[in-house]
Amino acid sequence: MKTKLSLLLFFFSAFMIESCVSKTPTHKEKLDLQELTKNQPEEHGAEVKPGDIQLTYPLNDQWVTEGKSIYDVKCSSCHKLTDEKLVGPGWKGVTKRRSPEWIINMVTNVDMMLEKDPVAQRLLEDCLVRMPNQNLNRDEARKVLEFQRKNDGE
């Protein structure tokens, strides 16, 4: 009886470990964003105008941390933190080249930017891939901007 119980406990433990291990992505595995977001409705943000975004000095450390977490999950598969292009352009220096409202609009409202903004249209021609809507709201996009500022040495 004790042997059967031990054997049953062993198989149950092995099953639980296998279930946990097989569903946890590793650093080498890329997340399938299409699969993860397939049941989420697309959100499009309202256009951000110059002056709508207030930058903080010094950087907000909590936003930087949260922005990095968002980057790791939703942005890193296409954008490197260097100036090297992956699928999309590298982020190094982006906060020096683009205004805060341009970055927030590009993150939260890709369709509007590709329709109206010549720089966004040129980037699409250069990268040959349309930036997918990541369904980030304005607050999440602001945290990504804070992380980009940190990446640019602010």
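All of these numbers come straight from a predicted model, not from anything done at the bench.

Caption draft 1: Structural context of the packing of aromatic side chains. Per the counting criterion, the structure on display carries 2 aromatic pairs. For the ring pair Y71 and W91, a centre distance of 5.0 Å and an interplane angle of 55 degrees mean the geometry is tilted. In this pair, Y71 sits in helix α3 (residues 61-75) while W91 sits in the loop between α3 and α4 (94-97), placing the two residues 20 residues apart along the sequence. We note that Y71, like W91, is buried. Arranged with centres 5.5 Å apart and planes meeting at 40 degrees, the rings of Y71 and F147 form a pair that is tilted. Here Y71 is found in helix α3, whereas its partner F147 is found in helix α8 (residues 138-151), with 76 residues between them in sequence. Here the aromatic cluster, defined as three or more aromatic residues joined through ring pairs, consists of Y71, W91 and F147. When the ring centre of W102 is taken as reference, the NZ or CZ atom of R98 above it lies at 5.1 Å. A cation sits over an aromatic face here: R149 above Y57, 5.0 Å from the ring centre.

About the cut-offs
- Residues numbered from 1 in each chain as written.
- Predicted model: local features only at pLDDT ≥ 70, side-chain atom pairs only at ≥ 80, totals over all residues.
- Heavy atoms only, no water.
- Phe/Tyr/Trp six-rings, centres within 6.5 Å; stacked < 30°, edge-to-face > 60°.
- Helix = DSSP H or I, 4+ residues; strand = E, 2+ residues; numbered from the N terminus.
- Buried < 20%, exposed > 50% of the residue type's maximum accessible area, 1.4 Å probe, protein only.
- Lys NZ or Arg CZ within 6 Å of the ring centre and 35° of its normal.

By themselves, these observations are geometric and do not establish any function.
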